[in-house]
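# Chains, contacts and geometry: an overview
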Amino acid sequence: MPAKTGKEYMERLKQAKSSVYIHGEKVEDVTVHPAFRNVVRSMAALYDRQYEKPEKMLYRSPTTGQLVGMTFIQPTTIDELIARREATQEWARMSAGMMGRSPDYLNAEVMAMGIANDLFAEDDSIFAENAKNYYEYAREHDISLTHTLIHPQMNRAKALHEQNDADVPLHLVERRKDGIIVSGIRLLATQGGITDEILVFPSTVKKATSGEDPYALAFAIPNNTPGVKFICREAFDYGRSAWDHPLASRFEEGDAIVSFENVFVPWERVFVCGNSSICNRTFRETNAVVHMSHQVVAKNIVKTEFLLGVTLCLIEAIGIGEFQHVKDKGAEIMLVLETMKSHLYRAEHNAKRDRWGTMTPDFAALDAARNWYPRIYPRLAEIIRILGASGLMAIPTEADFQHEEIGDIVRRAMQGATVDGYERVQLFRLAWDLTMSAFGARQTHYEYYFFGDPVRMGMAYFDGYEKEPYKQFVREFLRGAKSVFIPADTKH
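Residues numbered from 1 in each chain as written. Predicted model: local features only at pLDDT ≥ 70, side-chain atom pairs only at ≥ 80, totals over all residues. Heavy atoms only, no water.

## So, the sheet that holds strand E12 (residues 270-273)
Put simply, the rule is: Two strands pair under a simple rule: DSSP has to find at least two bridges between them. Secondary structure follows DSSP: runs of H or I at least 4 residues long count as helices, runs of E at least 2 residues long count as strands, and numbering of each begins at the N terminus. Whenever a helix is involved, its axis is fitted only over the stretch in contact; in every case the axis is a line through C-alpha atoms, and angles between N-to-C directions fall within 0 to 180 degrees. Whether two residues are in contact is decided by their heavy atoms, any of which lying within 4.5 Å being enough.
As summarised here, the arrangement of the 4 strands in space is E5-E8-E9-E12, forming an open sheet in which the pairing is mixed. Strands at the two margins of the open sheet, each flanked by one partner only, are strand E5 (145-148) and E12. Across the sheet, the mean angle separating the axes of adjacent strands is 20 degrees when strand polarity is ignored. Sheet analysis places strand E8 (residues 197-200) next to strand E9 (residues 217-222), joined by 4 bridges and oriented antiparallel. Within E9, the residue paired with Ile198 across the bridge is Ile221. On the sheet, helix H5 (residues 104-115) packs against E5 and E8 and is oriented at approximately 75 degrees with respect to E5. With respect to the sheet, helix H6 (residues 125-141) is in contact with E5, E8, E9 and E12, its orientation differing from that of E12 by roughly 145 degrees.

Structure, rendered in structure tokens:
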């Protein structure tokens with residue numbers, strides 16, 4: 001079947017009736033529930049865009065010839081790699097980069113693992129075949145995916161198998177002739193209640209040991225599989241208008257705890273079963289992390305463009321553009337944007353085909369960007385807060401402007417240098433929702449931990465960095481200094 005439309009996306013959610021819980025209740029239909037209905041429509045708009053711009057968003061399937069999503073493509077040339085990135089950024093612009101788990105993120109992962117699948121064959125050739133088949137299935141059916149990587153934060157000083165209740169983390173219960181039984185808890189499934197399927201892989205930021213083999217699992221199953229429950233955190237879409245909450249009212253993805261209660265996974269959906277070594281190496285050795293990072297950097301460029309736009313509009317609205325510190329803060333965001341663009345350009349134009357024939361970006365550039373951006377994003381949000389100052393506290397609602405007694409008061413009180421009060425508050429509410437609301441605070445926290453603990457990420461980056469050429473540079477310099485040094489003439 002071809003790429004799906006927004007209507008088809010919503011119809012699948014209605015029919016699936018996955019077990020989704022929020023605010024102490026079970027959700028009967030996520031497409032109409034107040035916590036999910038708006039983001040569901042935002043997701044549907046992404047799928048509709050595929051048919052609004054088919055030349056950018058779709059391509060011919062190599063197996064069926066039907067039009068499928070460009071974000072699933074296995075790029076074999078730099079032009080195809082750029083085309084995939086342009087599709088990613090088309091989607092990112094629709095949410096201003098606020099949807100960190102738009103479908104393209106996991107589409108890139110599924111593609112990489114499906115193509116570079118021979119790692120999974122170390123245990124059994126069937127696992128490699130499963131990965132290949134799942135990629136084709138997801139592409140041909142335009143499957144939307146959530147995923148879960150981490151275990152509950154219990155006693156972090158102990159390994160999983162050393163916990164007081166070692167059955168809490170997701171683990172293998174039984175191998176059967178037709179599949180496996182798994183039980184336990186996983187975190188932190190973004191969009192858990194509003195996708196078709198869930199992809200389960202262990203995080204590789206913290207490497208597993210052989211003692212954790214029972215927890216070393218990788219598989220993909222429908223979200224409505226019996227025994228799977230999504231327990232969602234409080235929704236940051238409070239049912240307010242898009243004027244009052246311009247971001248949260250449309251792009252609140254949600255995050256969920258996932259409970260697996262003796263869940264059956266058929267063998268054809270299993271990629272890793274009880275092998276921590278394969279799990280530890282999966283993302284890197286299949287180049288999945290490279291293609292996922294490519295999507296993330298592309299998305300974050302769009303997000304930074306939006307932050308810069310909000311900052312510039314705010315500066316103009318209240319007439320602070322000539323202050324020295326204001327220009328300096330604006331320049332900080334511009335420098336971040338241009339640096340990210342440079343990383344992306346290097347990654348794409350230094351791309352090379354890997355041994356599976358996939359045009360793979362230069363990971364050195366992407367790895368630097370994905371380690372740096374989480375550290376700098378909180379500063380970008382801080383700049384907007386500083387420039388907005390008390391104006392981000394004095395933000396009436398749209399209803400205040402419409403009130404017959406106070407409407408004119410707030411319009412006059414809230415006017416800016418170049419905009420009237422209504423326009424100024426609308427802009428400032430956007431800046432507030434971007435940086436200070438529950439939604440905005442979650443964005444900052446989410447970006448900071450996007451790929452894992454930045455300190456642990458930094459340690460891994462340091463350990464993996466090629467250091468010898470720089471040390472050799474210094475050694476050669478010191479040797480050269482000895483050979484040309486002329487001692488002071490003691491006679492003078």
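More follows now that the structure is in view.
## Here's the deal with the domain arrangement of the chain
Condition: Domain segmentation is taken from an automatic or database assignment of domains. In short, buried area is how much 1.4 Å probe accessible area vanishes from two parts on joining, totalled over both. Any Lys or Arg side-chain nitrogen located within 4 Å of an Asp or Glu carboxyl oxygen qualifies as a salt bridge. Note on residue classes: Ala, Val, Leu, Ile, Met, Phe, Trp, Tyr, Cys and Pro are nonpolar, Asp, Glu, Lys and Arg are charged, and everything else, Gly too, is polar.
Each assigned domain of the chain is listed here: domain 1 (6-285) and domain 2 (287-471). Facing 51 residues of domain 1, the contacting portion of domain 2 comprises 50 residues. Carbon and sulfur atoms make up 63% of the area that domain 1 and domain 2 hide from each other, which totals about 4,400 Å². At the junction of domain 1 with domain 2, the criterion picks out 5 salt bridges. Across the pair Asp255 and Arg442 runs a salt bridge, and its minimum N-O distance is 2.8 Å. Every element with two or more residues in the side of domain 1 that touches domain 2 is listed here: helix H4 (78-94), H5, helix H7 (248-251) and helix H8 (276-285). For the side of domain 1 that touches domain 2, the element with the highest residue contribution is H4, accounting for 9 residues. Here the residues of the side of domain 1 that touches domain 2 sort into 23 nonpolar, 12 polar and 16 charged.

## Overview of the pairing of strand E7 (residues 179-190)
Put simply, the test is: Buried means the residue's accessible area, taken with a 1.4 Å probe over protein chains only, is under 20% of the maximum for its type, while exposed means over 50%, and partly exposed covers the values in between.
The element E7 is extensively covered by neighbouring structure, given that 10 of its 12 residues are classed as buried. Across 4 bridges, the pairing between strand E6 (residues 171-175) and E7 is antiparallel. Among the inter-strand pairings, His171 is bridged to a residue of E7, identified as Ser183. Hairpin connection between E6 and E7: a loop of 3 residues separates the two successive antiparallel strands.

## What about the UniProt feature "domain: HpaB/PvcC/4-BUDH N-terminal" (unreviewed entry) in the chain?
Heads up, the condition is: UniProt positions are given in the numbering used here, feature names are shortened, and annotations may be inferred rather than shown by experiment.
UniProt marks residues 5-272 with the feature "domain: HpaB/PvcC/4-BUDH N-terminal" (unreviewed entry), using the numbering shown here. Counted over residues 5-272, helix gives 30% and strand 24%. Its end C-alpha atoms are 32 Å apart.

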